[in-house]
Every structure is written in C-alpha cells, then in structure tokens.
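Chain residues, written in single-letter form:
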Amino acid sequence: MKNKKLGLNTVCTHTGEIKDTQFKGAISPIYLSSSYAFDDVDVKRYPRYFNTPNQQALSKKIAALEHTEAAMIFGSGMAAISTSLLAFLKKGDHIVLQNALYGGTMNFVLEEFDKYGIEYSFTKSLDSKDFKKEIRNNTKVIYIETPSNPLLKITDIRKIVKLAKKHNLVSMIDNTFASSVNQLPATMGIDIVIHSATKYFGGHSDILAGAVAASADHIDRIFQLGKNLGGSLSDFTVWMLERSMKTLGIRVVAQNKNAMKLANFLEKDKAVARVYYPGLKSHEDYELAKSQMSGFGGMLSFELKSDYDVEIFFKSLKLIKPSMSLAGVESTILSPAKASHALLTPEERQKQGIADGLIRFSVGIEDRKDIIADLKQAIKKAKKGK
Ligand SMILES: *Cc1c(COP(=O)(O)O)cnc(C)c1O
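Residues numbered from 1 in each chain as written. Predicted model: local features only at pLDDT ≥ 70, side-chain atom pairs only at ≥ 80, totals over all residues. Heavy atoms only, no water.

1. A short note on a nonpolar patch on the surface
Together, Ile-30, Leu-32 and Phe-236 give the surface a local cluster of nonpolar side chains, amounting to about 280 Å² of exposed area. You can see Ile-30 is positioned in the loop between α1 (8-14) and α2 (53-66). Residue classification places Ile-30 among the partly exposed positions, given a relative accessible area of 31%. (Patch = residues over 30% accessible without salt bridge, like charges linked within 9 Å, V, L, I, M, F, W, Y side chains within 5 Å. Areas by Shrake-Rupley, 256 points an atom, 1.4 Å probe, with all protein chains shown as cover. Salt bridge = Lys/Arg side-chain N within 4 Å of Asp/Glu carboxyl O. Helix = DSSP H or I, 4+ residues; strand = E, 2+ residues; numbered from the N terminus. Buried < 20%, exposed > 50% of the residue type's maximum accessible area, 1.4 Å probe, protein only.)

2. So, unusual backbone geometry
Cis geometry marks the peptide bond from Thr-146 to Pro-147, where omega comes out at -5 degrees. Going from Asn-149 to Pro-150, the amide bond is cis rather than trans, its omega being 0 degrees. Non-glycine residue Lys-24 carries a positive phi angle of around 60 degrees. By the element assignment, Lys-24 lies in the loop between α1 and α2.

3. Describing the site of the ligand
Around the ligand, the surrounding shell holds 14 residues, and the nearest of these are Met-78, Asp-174, Ser-196, Thr-198 and Lys-199. At 2.9 Å from an oxygen atom of the ligand is found a side-chain nitrogen or oxygen belonging to Ser-196. Within the side chain of Thr-198, an N or O atom sits 2.6 Å from an oxygen atom of the ligand. Within the complex, the protein chains bury 93% of what would otherwise be the 380 Å² of accessible surface of the ligand. Cavity membership is defined here by more than half of the atoms lying within 2 Å of grid points; on that basis the ligand lies in the largest pocket. In terms of residue count, the dominant contributor to the shell around the ligand is helix α3 (residues 77-87) (three residues). Across the shell around the ligand, the residue classes break down as six nonpolar, five polar and three charged. (Near = heavy atom within 4 Å. Polar contact = N/O pair within 3.5 Å; in protein donor to acceptor, adjacent residues only side chain to side chain. 1 Å grid on protein atoms, 1.4 Å probe; cavity = no way out; pocket = protein on both sides within 12 Å on 5 of 7 lines; lining within 4 Å. Sits in = over half its atoms within 2 Å of the grid points. Nonpolar A, V, L, I, M, F, W, Y, C, P; charged D, E, K, R; others polar.)

4. Concerning the sheet that holds strand β12 (residues 358-362)
Sheet architecture is open: five strands sit in the order β8-β9-β12-β11-β10, paired in mixed fashion. In the strand order of this sheet, the two ends are held by β8 (272-276) and β10 (321-322), each with one partner. The pairing of strand β9 (residues 299-304) with β12 spans five bridges and is classified as antiparallel. Counted as the bridge partner of Ser-301 is Arg-360 from β12. In this fold helix α10 (residues 248-268) packs onto β8, β9 and β12, with an angle of close to 10 degrees to the strand it touches most, β9. (Pairing = 2+ DSSP bridges. Contact = heavy atoms within 4.5 Å. Axes fitted to C-alpha atoms, helices over the stretch in contact; angles between N-to-C directions.)

5. Some thoughts on the layout of surface pockets
Picture a little ball the size of a water molecule; that probe, rolled over the atoms, points out where space is still empty. The space that makes up the largest pocket amounts to roughly 1,100 Å³. Every residue lining the largest pocket is counted, 46 residues in all, and those nearest its centre are Leu-101, Tyr-102, Gly-103, Met-106 and His-341. With five residues, the top contributor of residues to the lining of the largest pocket is helix α4 (residues 103-116). Per-class residue counts for the lining of the largest pocket are 20 nonpolar, 18 polar and eight charged. Two domains share the lining of the largest pocket, each providing at least three of its residues, namely domain 1 (7-245) and domain 2 (248-382). What the second largest pocket holds in volume is close to 370 Å³. (Points joined across faces, edges and corners; volume = space filled by probe spheres on them. Domains from an automatic or database assignment.)

6. Section: the sheet that holds strand β3 (residues 119-122)
Within the open sheet, the seven strands sit side by side as β1-β7-β6-β5-β4-β2-β3. Their pairing is mixed. Edge positions in the sheet fall to β1 (70-74) and β3, since each has one partner strand and no second. Averaged over all adjacent pairs, the angle separating strand axes in this sheet is 20 degrees, with direction ignored. As defined by bridge partners, strand β5 (residues 170-174) adjoins strand β6 (residues 192-196) across three bridges and the pair is classed as parallel. Along β6, the bridge assignment pairs Met-172 with Ile-192. Taken strand by strand, α3 contacts β1, β2 (94-97), β4 (139-145), β5, β6 and β7 (210-214), and its axis lies near 155 degrees from that of β6.

If you want it as structure tokens, here you go:
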C-alpha cells in the first residue's frame, strides 16, 4: 500500500505487511530462514544484509512513518546510532554534537572516537548559535537529540537544518523521545532520523531494537558499513516489533494525553518544586516545541521540594514502577542522579541542571485517575518530619 494518503494508524497497522498468499492469514508471515536460494533474487538475501522479507517489510513501515525513502532496522538503538555515525565519519573528520545526549551515545563518542582519529565537539547549549561556534573546516556531521533526556529541552530542528545545509553537513537526529507520532524531522530537512526502537516503537518493554530512516542514498551508505559491523536484528524480533508498531499511533496519543494532564496536576501540587514538560506554557521552550512537534510526548520530569524524601516517594509507589528504561505502556519512574546519570560527578550533574531530587517519569497508558492516586499517596508518605 502507498503511504501518501494513508493516515498514521493505517500506516502503523498495514504499511509494509507481507501478504500470506499461501494461507491468506491476516498478518505478515514470519520468515526465519538464514539461508535463501542464490539465483532467484537480484540481491542475495541474508539476515546480516538487512534484507530478509520481514526486515524489508518493517523497514517500509518505518520509512512511511518518518516520511523518508528508506529505513533500516538494527539490533539496538546503539547499533543504529554507532553505525550511522561511523558511516559518515572517517579519520580526520569532525562532528558537532549537542551537549545533552543519551548517555550511551555520549559514551560511544568519548570512549571510541579517539581510536579512529575522529574529532568531536559538544555544544555549550542547545542554541543553534552554539552549534555554529563549534563548526570547523573538517566538520562533516551535526548531531542532535530533541526533546532531550531528562530535562526535555528542545533543539530548534529547522535552525539546525539551515546550519547543516549552509556548511554542507549531514544532519542526524535521535528522534526516540518524540517518536514519529509527534515529530517528523525529515519533513523539516534532517538527513538521518534515528530511533531506539526499544522505546516507543516497541512500547511494551520487551524488545531491544533500533532503526534509521533516511533517503535511499544515505541508507545505502549506512548499509555498506552495517553489513560489515553486523548489527542486524533477528527476524523473530523484527516480527515482534512489527506487531508492536501496529499500536504505535494509539499508544503514543494516549501517552501524550496522560502526560499533559499529569504535568498540569504536578505543576499545581504543593509538594512539587518544578515540572519539565514541553507541553506546559511554563516550559522555556514551549513555543519552539509547539512549532515542530504535533504532540508533546509521554516523557516528563519533576522535582519534589526539599521537605519531601525522594527515596521514600519511590518506595511508596504501588502502581508506577521504578525502571531504567522508558516508553512502555506502563508508567515508570527513574532518578537520573541515581541511575541514568549516576556516572557523572555531582558537579557535572549540576552543570547540566540535573538536581538530585529530579524524577523522570515515563507516562504509560493506564487510567489517569489511578496514576494520580498513586502519585498522591506516595507524595503524602514522602513528607519529611511528620
Ligand atoms: C534508549 C535510548 C537509546 C539507546 O537505545 P538502545 O536500544 O538501548 O541501544 C538511544 N537514544 C535514546 C534517546 C534512548 O532513550
């Protein structure tokens, strides 16, 4: 089916699906072969070549969702990120990266790039002027992530695209937090759109996967390296991911709605010092977020006031689970200072604006009243000096 005129949920449900011509079953059959005949196709089929029937089918859906010509599926978000970066960077090249990035991406750059002789700079802020300052003669790639983790800061995608075009750079975005439901970077001119499909694409906290969407030329370049690095996803998991993505649209819209209502609830609560959610008018980037996102997403962060004990708050939650990962249908919560950003020094955390009492909240699809009731009872128990 052509995606041009199809709505989001129709694309999620149908685009790319494999017809079961043998038995006329309702869903895509799963092809687990790791070996295909040599002579009946123009490209040799092999799972590590990213071209099995199920890989190709799901790639079509992801490309349709992101409004790009092509897509590729990887064994993890980090496989998608590392392969994309190395595909466009060689010895002597330079990359400008946003300062607030997913920890794994940061580690990849800091721990590996020196080995390959790739130069890099992190910006001072998310302001496009700070990106411009870091561009050198040998800069080849500009890399952003918006909304950022965990403070949900927003980078101006259109300004970054303009800068990239002016300096002839390949622009890349980690679109995981927004998901294709809320943000379409390729329609704003971004070259390479990357996802940790472990998050909203998977959506049920049971799949590790990654995806990249871009023009056919860019995808071919990433493929040329990807086949050598070998980071493809097993076809069984590809098939699981296709099933998960059928509900991507309705899940994320439900999470948007819940997150907006919860952000409003938390902002009014006397125990809460600050709420970070791009859909709140009080968020410093609200107008920018509105200009480039069609929904504000299911991620928010908040700080309890100092007379509340964060540890007791966490322990008192009954419905909302503490969890390292995010974006599942279940609501989960995490302390960045104790988990995702625990390896940073307190000074580095402070510099990034991550308070020790900061709580990152991945909003699920449960009934709002139940989530709010759970938050209320845990906040009550966390009050110090009772
Ligand atoms: C989780 C995550 C990643 C890494 O994905 P994996 O699937 O864990 O490899 C990259 N970027 C963001 C924003 C993430 O949340």
